[in-house]
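Okay, here's what each chain looks like letter by letter:
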Amino acid sequence: MVTKMPEGEAEPVSLVTIKEPVDLIRLSVDERIYVKMRHDRELRGRLHAFDQHLNMVLGEAEETITTIEVDEETFEEVYKTTKRTIPMLFVRGDGVILVSPPSTTS
Amino acid sequence: MVPTYCKFVIFNKIVRLTSKMLFYSFFKTLVGHEIIVELKNDICVTGRLHSVDQFLNIKLIEVCVSDPEKYPYMNYISESFIRGSVVRYVQLPVNSVDSQLLQDAARKEITIR
Amino acid sequence: MSSGLESYVNHTVSIITSDGRNFVGTLKGFDQTINIILDDSHERVYSPNQGVEQIILGLHLIRGDNVAIIGEVDETMDSSIDLSAIRAEPIGSVVF
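Computed from a predicted structure; not experimentally measured. (Residues numbered from 1 in each chain as written. Chains lettered and ligands numbered in written order. Predicted model: local features only at pLDDT ≥ 70, side-chain atom pairs only at ≥ 80, totals over all residues. Heavy atoms only, no water.)

I'm lost on the pattern of salt bridges in this one. Help?
Opposite charge on two side chains makes pairing possible when the charged atoms of those side chains draw close. Summed over the entire model, instances satisfying the criterion amount to 20 salt bridges over all chains. D42 of chain B is paired through a salt bridge with R41 of chain A; the nearest N and O atoms lie 3.4 Å apart. Taken together, the residues span two chains, with D42 of chain B in the loop between β1 (34–39) and β2 (44–52) and R41 of chain A in strand β2 (residues 41–50). R41 of chain A sits in the buried class, given a relative accessible area of 9%. Residue D42 of chain B pairs with R88 of chain B through a salt bridge whose shortest N-O separation is 3.1 Å. One end of the pair, D42 of chain B, is in the loop between β1 and β2; the other, R88 of chain B, is in strand β5 (residues 87–91), with 46 residues separating them in the sequence. (Salt bridge = Lys/Arg side-chain N within 4 Å of Asp/Glu carboxyl O. Helix = DSSP H or I, 4+ residues; strand = E, 2+ residues; numbered from the N terminus. Buried < 20%, exposed > 50% of the residue type's maximum accessible area, 1.4 Å probe, protein only.)

Right, here's the structure in full:
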């Protein structure tokens with residue numbers, strides 16, 4: 001095993017202790033994650049970068065927007081989803097509600 | 001072949017620069033590239049990234065709005081400044097993003113603080 | 001820190017606010033929160049069934065929080081637009 005690490009190097013992932021929520025996100029770097037956004041938007045994509053505001057860069061990001069339409073005759077609520085894929089996407093953190101690591105991402 | 005150690009030193013310098021300012025530094029590497037900025041009012045603005053500041057305010061040149069019929073508001077505007085807080089997404093050119101470097105910097109960003 | 005607005009000072013700018021309104025005037029000043037001083041300003045009110053209405057406002061200060069986009073206006077091109085012929089839906093608000 002490596003005994004001396006150059007100054008400033010990140011600890012190997014297996015040794016990282018999880019002290020606060022962002023540590024969990026760090027473990028998801030280079031993994032496909034699920035992000036729930038405000039206004040009924042969801043994203044799935046490979047996490048390339050993030051910061052403390054939860055600004056993120058996602059690769060092959062698939063966005064799903066869910067809208068509810070009420071059928072005028074039956075008053076039934078119909079959920080409609082629209083999807084699009086963006087190869088490389090910067091997401092501003094203020095719209096993020098939750099980030100879910102890959103184990104729970106379908 | 002660059003030895004691993006050398007790569008590391010180079011990388012370390014970049015990280016020092018980016019500490020706490022990862023996305024600011026990242027956007028600076030994209031100056032001159034064409035990006036699509038999607039705002040929280042659903043307007044999409046395409047343009048060449050001219051500059052960015054620490055609040056991630058974005059200045060674009062060669063601007064065009066994705067739907068000028070619907071939004072004639074931006075007619076004859078070739079340059080524009082977008083307040084960072086109204087940005088929802090920025091669509092980036094895949095080929096100008098070094099995802100490996102980003103990932104390494106992101107892992108480190110949180111460690112340094 | 002350079003926010004990039006310096007080059008617009010004393011130029012005609014068009015500002016879209018976060019509630020979807022459009023103001024046009026001469027940029028006289030700004031600060032780091034993007035508070036804006038706009039001289040000789042007017043508001044352009046777009047509507048789907050009539051031409052653009054212009055409301056003269058004079059000297060205005062717009063608080064930075066409410067600013068979405070600031071565009072530099074090409075004055076010669078802008079004065080060639082027939083505003084009375086433009087029909088448009090209002091812009092939506094910025095929803096944070």
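Read on for the rest.
Would you mind going over the UniProt feature "domain: Sm" (unreviewed entry) in chain B with me for this structure?
In this numbering, the UniProt entry assigns the feature "domain: Sm" (unreviewed entry) to residues 22–96 of chain B. Split by type, residues 22–96 of chain B is 11% helix and 45% strand. Its first and last C-alpha atoms lie 16 Å apart. (UniProt positions renumbered as here; feature names shortened; annotations may be inferred.)

Is there a simple way to explain the interface of chain B and chain A in this structure?
The parts lose accessible area when they come together, and the size of an interface is often stated as this lost area. Taken together, the contact between chain B and chain A spans 32 residues of the former and 33 residues of the latter. Buried surface at the junction of chain B and chain A, summed over both partners, amounts to about 2900 Å²; 61% is from carbon and sulfur atoms. Inspection of the region where chain B meets chain A yields four salt bridges. Measuring nitrogen to oxygen at the nearest pair gives 2.7 Å for the salt bridge that ties R84 of chain A to E38 of chain B. Where chain B meets chain A, there are ten residue pairs in polar contact (both at pLDDT 80 or more). Of all the secondary structure elements, the ones that give two or more residues to the side of chain B that touches chain A are α1 (4–18), α2 (22–29), β5 and α3 (99–112) of chain B. Here the side of chain B that touches chain A takes eight residues from α3 of chain B, the largest share from any one element. Taken together, the residues that form the side of chain B that touches chain A break down as 16 nonpolar, seven polar and nine charged. (Contact = heavy atoms within 4.5 Å. Buried area = accessible area lost by both parts, 1.4 Å probe. Polar contact = N/O pair within 3.5 Å; in protein donor to acceptor, adjacent residues only side chain to side chain. Nonpolar A, V, L, I, M, F, W, Y, C, P; charged D, E, K, R; others polar.)

Mind showing me how you'd approach the confidence of the model for chain B here?
Residue and element names in this part refer to chain B. Confidence along chain B averages 81 in pLDDT terms, with 78% of residues attaining 70 or more. Ranking the elements of chain B by mean pLDDT puts α1 last with 45 and β5 first with 97. Contacts from residues 1–18, a stretch scored under 50 in pLDDT, to residues over four places away or in other chains number 19 contacts. (pLDDT = per-residue confidence, 0-100.)

Help me out: how do you make sense of empty space enclosed by the protein in this one?
Taking a probe equal in size to a water molecule and rolling it over the atoms shows the remaining empty space. All chains considered together, the criterion is met by two cavities of 30 Å³ or more. Considered as a void within the structure, the largest cavity measures approximately 100 Å³ in volume. A per-class count over the lining of the largest cavity returns four nonpolar, two polar and six charged. Of the volumes computed, that of the second largest cavity is approximately 70 Å³. (1 Å grid on protein atoms, 1.4 Å probe; cavity = no way out; pocket = protein on both sides within 12 Å on 5 of 7 lines; lining within 4 Å. Points joined across faces, edges and corners; volume = space filled by probe spheres on them.)

Please clarify how the pairing of strand β1 (residues 32–37) of chain A should be interpreted in this entry.
Sheet faces and side chains relate simply in a regular strand, where the side chains alternate between the two faces. Residue and element names in this part refer to chain A. When β1 meets β2, the two strands line up antiparallel, connected through six bridges. By the bridge assignment for β2, M37 is matched with R41. Counting the residues that bridge the hairpin from β1 to β2 gives three residues, and of these H39 lies at a positive phi of roughly 60°. (Pairing = 2+ DSSP bridges.)

It is not clear to me how unusual backbone geometry should be interpreted in this structure. Could you clarify?
For residues that are not glycine, phi is negative in most cases, and the peptide bond is trans in most cases. Positive phi, normally seen in glycine, also occurs at L56 of chain B, with a value near 65°. Tracing the sequence through the fold places L56 of chain B in the loop between β2 and β3 (58–65). Using a relative accessible area of 8% as the deciding quantity, one classes L56 of chain B as buried. Residue D40 of chain C is not a glycine yet carries a positive backbone phi of 45°. One can find D40 of chain C in strand β3 (residues 36–45). Note on D40 of chain C: relative accessible area 58%, which makes it exposed.

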